[in-house]
Amino acid sequence: MKSARGIAGSMVWLSFVFEVQTSSPQDGTTDLDRPSKHIFASSDCRELVEVPAVDPPLRFHSLVVERGGKVTRFREFVHFNSARFNLEYLVAYRRQ
């Protein structure tokens, strides 16, 4: 989130709200449905593997990064294809 000085020195917080198309999420390390399988299609980790038993082939769309380790505050959702989400709203608010 970003903040900006508002009227009379108050802090205004900005938050983006997205509409997202997603598939069965993976946890970033293992395939939750098939623990023995890799989740990335190649060693550069830019695309996920294909969904099994789907014709024509389709890749998984997202990862869920759970809290723990370097992630201390919020669960994160990682999407690999920008065509699968739309910015819907920019919300501005002041915290009391």
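## Observations concerning the packing of aromatic side chains
One pair of aromatic rings is described through two measures. These are the centre distance and the angle between the planes. Scanning the entire structure with this criterion turns up 2 aromatic pairs. A ring pair is formed by phenylalanine 16 and phenylalanine 18, whose centres lie 6.4 Å apart and whose planes are at 40 degrees; its orientation type is tilted. Between the aromatic rings of phenylalanine 18 and phenylalanine 85, the centroid separation amounts to 5.7 Å while the plane-to-plane angle is 85 degrees, which identifies the pairing as edge-to-face. With phenylalanine 18 in strand β2 (residues 11-20) and phenylalanine 85 in strand β5 (residues 85-93), the pair connects residues that are 67 residues apart, well separated along the chain. An aromatic cluster is built from Phe16, Phe18 and Phe85, whose rings are joined through pairwise contacts.

## Observations regarding the environment of aspartate 31
Following the sequence through the fold, aspartate 31 ends up in the loop between β2 and β3 (62-65). The buried category is assigned to aspartate 31, whose relative accessible area is 2%. Between the alpha carbons of aspartate 31 and leucine 63 there is a distance of 9.9 Å; along the sequence they are 32 residues apart.

## Some thoughts on the environment of alanine 92
You can see alanine 92 is positioned in strand β5. The class of alanine 92 is exposed, set by a relative accessible area of 52%.

## Some points on the environment of arginine 46
Position of arginine 46 among the secondary structure elements: in the loop between β2 and β3. Residue arginine 46 is classed as exposed on the basis of its relative accessible area of 62%. Separated by 34 residues in sequence, arginine 46 and phenylalanine 80 place their C-alpha atoms 7.2 Å apart.

## As for the pattern of salt bridges
Pairs can form between side chains of opposite charge whenever their charged atoms are close. Enumeration over the complete set of coordinates arrives at 1 salt bridge. Residue arginine 59 is joined to glutamate 47 by a salt bridge in which the shortest nitrogen-to-oxygen separation is 3.6 Å. Of this pair, arginine 59 sits in the loop between β2 and β3 while glutamate 47 sits in the loop between β2 and β3, and the two are 12 residues apart along the sequence. According to the relative accessible area criterion, arginine 59 is partly exposed, its value standing at 30%. A relative accessible area of 43% places glutamate 47 in the partly exposed class.

Calculation criteria
- Residues numbered from 1 in each chain as written.
- Predicted model: local features only at pLDDT ≥ 70, side-chain atom pairs only at ≥ 80, totals over all residues.
- Heavy atoms only, no water.
- Phe/Tyr/Trp six-rings, centres within 6.5 Å; stacked < 30°, edge-to-face > 60°.
- Helix = DSSP H or I, 4+ residues; strand = E, 2+ residues; numbered from the N terminus.
- Buried < 20%, exposed > 50% of the residue type's maximum accessible area, 1.4 Å probe, protein only.
- Salt bridge = Lys/Arg side-chain N within 4 Å of Asp/Glu carboxyl O.

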